[in-house]
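Each chain is listed here by its residues.
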Amino acid sequence: MYWELNADLATRHTMGCPARGERMVSVTNIGDIRRVLSELRATSSPVFVLGGGSNVVFASDFPGAVIKMENRGVNVEASDSGGDIVRTAAGENWHEFVWWTLERGYVGLENLALIPGTVGAAPIQNIGAYGVELKDRLHSVRAIHMDTLEERAFSLPECRFGYRDSYFKSEPGRRWLIWEVAFRLSADAPLVLEYAELRRRWESAGAPGDASAVAKLVEAIRAEKLPNPAQVPNSGSFFKNPVVSGAHFLALSEKFPEIVSFPLADGSRKLAAGWLIQACGWKGFLENGVGVYPKQALVLINPGHKSGGEVKMLASRIQASVEERFGVSLEVEPLIL
Ligand code: EPU
């Protein structure tokens with residue numbers, strides 16, 4: 001374990017913005033994590049915990065310590081109450097872990113295939129895709145407090161999951177470093193095929209019964225709609241889908257009958273931010289190396305490897321035009337540092 005000084009962060013986050021970290025250390029086990037945290041406790045240096053870098057944009061150099069999570073390992077505990085408990089180290093690659101579970105016959109994570117990033121980052125924003133969210137499969141999260149070094153498990157309700165949200169995104173929650181995530185998985189969970197495009201492809205593939213086949217269909221959809229960060233720098237959806245009141249939605253739908261939305265249980269409406277952005281003419285926009293993905297307007301791209309400031313500027317222009325046209329404010333999804 002050693003500190004790398006003036007660490008290059010451009011290659012360590014998927015938006016690829018040029019930035020440096022004052023120092024960075026990779027941790028591979030809980031002993032390392034404890035040592036690093038106790039060392040840092042004595043300083044007033046800011047600390048940032050980095051996974052795969054797919055939900056963070058470095059808009060400036062980071063004036064502190066970056067802890068890169070590289071612990072590995074998966075353990076299965078048989079349980080007689082609805083599936084096994086699968087405990088996974090935070091540093092494992094999410095997509096590889098999804099396939100690890102599928103290859104062992106578990107059903108449940110197939111809709112979340114090909115999401116970039118690490119297992120430890122997944123609960124922070126409650127990753128979700130094609131009708132499944134992480135919270136639907138999660139058992140608990142083990143974390144260590146960065147100031148007190150207290151170690152504890154967070155149960156599902158304690159994680160306070162919401163749409164792209166959790167306790168770990170809040171101010172106090174950000175002081176907890178996640179080092180293990182446990183899932184409850186079984187071999188006989190039902191497949192989730194409520195996302196229309198997935199169901200359509202599944203039916204034309206002959207309605208295969210196994211979860212691996214569904215994962216492959218999800219991979220195909222993602223490959224068509226979303227840019228591969230290894231080829232086109234991006235952070236996935238750059239904005240959350242905004243939720244508006246039923247009344248606001250009615251007014252909008254009278255003026256814009258084509259608007260795409262999803263009803264929520266409480267009468268409010270989730271709007272497709274991609275539609276709003278496209279309607280403002282941004283889809284396929286590219287200026288000075290920063291732009292909007294031509295196949296999915298919710299994804300900002302940075303093919304020119306421009307600074308996080310440039311990305312932020314484009315995001316603000318998009319937010320302003322959506323606000324002006326629809327009276328809807330778009331919330332940025334990735335963490336901008
Ligand atoms: N749409 C447009 N134009 C666009 C994009 C979308 O009109 O450029 C409309 C279409 O009508 C489409 C609808 O919006 O049917 C929804 O689009 P899509 O199915 O692509 O989903 P999304 O709401 O844009 C969300 C997640 C994605 C996730 C997909 C599939 C958020 C912020 N994003 O996107 O997650 O893969 O659903 O479940 O909730 C991510 O978080 O990084 C991410 C990629």
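Sorry, what's going on with the domain arrangement of the chain here?
Note on interface size: it is often stated as the accessible area lost on association of the parts. What the domain assignment reports for the chain is domain 1 (3-69), domain 2 (74-185) and domain 3 (234-336). For domain 1 versus domain 2, the distance between C-alpha centres works out to 21 Å. With 14 residues of domain 1 at the interface, the matching set in domain 2 holds 16 residues. Between domain 1 and domain 2, roughly 1300 Å² of surface is buried when both sides are summed, and carbon and sulfur atoms account for 70% of that area. Of all residues in domain 1, Leu37, Arg41 and Met69 bury the most surface against domain 2, accounting for 37% of the area lost on that side. In this structure, the connection of domain 1 to domain 2 is made through 1 salt bridge. Summed over the shared surface of domain 1 and domain 2, the result is 3 residue pairs in polar contact (both at pLDDT 80 or more).

Would you explain the sheet that holds strand 7 (residues 84-89) in this entry?
Strands belonging to one sheet form pairs held by backbone hydrogen bonds; the direction of such a pair is parallel or antiparallel. Pairing is antiparallel across the open sheet formed by 5 strands, whose spatial order is 6-7-12-10-11. Only two strands of the sheet have a single neighbouring strand rather than two, namely strand 6 (74-77) and strand 11 (151-155). Neighbour-to-neighbour, the strand axes of the sheet open up by a mean angle of 20°, direction not taken into account. In the sheet, strand 10 (residues 138-145) pairs with strand 11 via 5 bridges, with the strands oriented antiparallel. Its bridge partner being in strand 11, Ile144 is matched across the sheet by Glu151. Those strands touched by helix 1 (residues 30-41) are strand 10, strand 11 and strand 12 (176-185), and its axis lies near 40° from that of strand 10.

How do you make sense of the site of the ligand when you look at a structure like this?
Close contacts around the ligand come from 22 residues, with Tyr130, Tyr163, Tyr195, Gln278 and Ala297 the closest. One nitrogen or oxygen atom from the side chain of Gln296 is found 2.8 Å from an oxygen atom belonging to the ligand. In the model, an oxygen atom of the ligand is placed 2.8 Å from a nitrogen or oxygen of the Ala297 main chain. Contact with the protein chains covers 80% of the free accessible surface of the ligand, which is 820 Å². Within the residue set of the shell around the ligand, elements represented by two or more residues are strand 8 (128-129), helix 4 (211-225), strand 13 (234-237) and helix 6 (273-279). The element contributing the most residues to the shell around the ligand is helix 6, with 3 residues. In terms of residue class, the shell around the ligand is built from 11 nonpolar, 7 polar and 4 charged. Residues lining the shell around the ligand come from more than one domain, with at least three contributed by each of domain 2 (74-185) and domain 3 (234-336).

Just to check I follow, could you spell out the sheet that holds strand 3 (residues 47-50) for this structure?
One open sheet accounts for 4 strands, arranged 1-2-5-3; its pairing is mixed. In this open sheet, the two strands that pair with only one neighbour each are strand 1 (4-8) and strand 3. This sheet shows a mean twist of 45° between the axes of neighbouring strands, independent of strand direction. The pairing of strand 1 with strand 2 (residues 20-27) spans 4 bridges and is classified as antiparallel. The residue of strand 2 that forms the bridge with Asp8 is Arg20.

How should the environment of Val328 be read in this particular structure?
Mapped onto the elements, Val328 comes out in the loop between helix 7 (308-326) and strand 20 (335-336). Exposure remark for Val328: the relative accessible area of 3% places this residue in the buried category. Look past the residues within four positions of Val328 in its chain and what remains in contact with it is Pro242, Val244, His248, Leu252, Leu271, Leu276, Val322 and Glu323.

When you look at the pattern of salt bridges in this model, what are you seeing that I'm missing?
Between side chains of opposite charge, a pair can form as their charged atoms come close. Using the criterion set out here, one finds 17 salt bridges in the structure. Salt-bridge contacts for Glu77 lead to Arg87; the nearest nitrogen and oxygen are separated by 2.7 Å. Placement of Glu77 in strand 6 and of Arg87 in strand 7 is noted, with a sequence separation of 10 residues between them. Owing to a relative accessible area of 37%, Glu77 belongs among the partly exposed residues under this scheme. Arg199 serves as the salt-bridge partner of Glu203, at 3.4 Å between the closest nitrogen and oxygen. Placement of the pair is Glu203 and Arg199 together in helix 3 (residues 196-204), with a separation of 4 residues, close to one helical turn. You can call Glu203 partly exposed: its relative accessible area is 47%. By relative accessible area, which is 36% here, Arg199 ends up partly exposed.

Calculation rules
Residues numbered from 1 in each chain as written. Predicted model: local features only at pLDDT ≥ 70, side-chain atom pairs only at ≥ 80, totals over all residues. Heavy atoms only, no water. Domains from an automatic or database assignment. Contact = heavy atoms within 4.5 Å. Buried area = accessible area lost by both parts, 1.4 Å probe. Salt bridge = Lys/Arg side-chain N within 4 Å of Asp/Glu carboxyl O. Polar contact = N/O pair within 3.5 Å; in protein donor to acceptor, adjacent residues only side chain to side chain. Pairing = 2+ DSSP bridges. Helix = DSSP H or I, 4+ residues; strand = E, 2+ residues; numbered from the N terminus. Axes fitted to C-alpha atoms, helices over the stretch in contact; angles between N-to-C directions. Near = heavy atom within 4 Å. Areas by Shrake-Rupley, 256 points an atom, 1.4 Å probe, with all protein chains shown as cover. Nonpolar A, V, L, I, M, F, W, Y, C, P; charged D, E, K, R; others polar. Buried < 20%, exposed > 50% of the residue type's maximum accessible area, 1.4 Å probe, protein only.

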